[in-house]
Amino acid sequence: LINEDFKPTEESKRTFGVSDIAALWIGLVISVPAYYLAGSLVELGMSWWQGILTIFISNAIVLVPMILNAHSGTKYGVPFPVLTRAAFGIRGATIVGVLRGLVAWVWF
């Protein structure tokens, strides 16, 4: 149940810092679905700045659980599947992985 990919990354090999996480989040926020959502809000009657503000606030709200989810992985150098195994067991981690994949498939 362990292979090289599941082992914790040594602290000396961890190069992912705050600026990398910020760049990743900005890259996820500035996406085609966000533009479509802002356009849909304008079409429903919001002004352009209200649509952009709504998207910004919702992304800021989503940022909090994302940081909490990523904290243990970046602190201890373990990947997401290892963390889900600890919480849900081996079979439960498979379900979580599939659900995460479905969200990524719809989002992107």
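All of the points below concern the structure found in this document. (Residues numbered from 1 in each chain as written. Predicted model: local features only at pLDDT ≥ 70, side-chain atom pairs only at ≥ 80, totals over all residues. Heavy atoms only, no water.)

## Observations concerning the packing of helix H1 (residues 18-29) against helix H3 (residues 48-76)
Close contact between H1 and H3 brings their axes to 12 Å; oriented N to C, the two are set at 140°. Between H1 and H3, the angle falls in the class oblique. Seen from above, H1 lies across H3 with right-handed handedness. Residues Ile21, Trp25, Leu28 and Val29 of H1 touch H3, and the partners they reach there are Asn59, Ala60, Leu63, Met66 and Thr74. Of the residues contributing to the contact of H1 with H3, the split by class is 7 nonpolar, 2 polar and no charged. (Axes fitted to C-alpha atoms, helices over the stretch in contact; angles between N-to-C directions. Helix = DSSP H or I, 4+ residues; strand = E, 2+ residues; numbered from the N terminus. Parallel < 35°, antiparallel > 145°, perpendicular 65-115°, else oblique. Left-handed = near helix turned anticlockwise from the far one by under 90°. Contact = heavy atoms within 4.5 Å. Nonpolar A, V, L, I, M, F, W, Y, C, P; charged D, E, K, R; others polar.)

## Re the packing of helix H2 (residues 32-43) against H3
Between H2 and H3, whose axes approach to 8 Å, the crossing angle comes to 135°. Between H2 and H3, the interaxial angle falls into the category oblique. Every pair of crossing elements has a handedness; the one defined by H2 and H3 is right-handed. Residue-level contacts link Ala34, Leu37, Ala38, Leu41 and Val42 of H2 to Trp48, Gly51, Ile52, Thr54 and Ile55 of H3. Of the residues contributing to the contact of H2 with H3, the split by class is 8 nonpolar, 2 polar and no charged.

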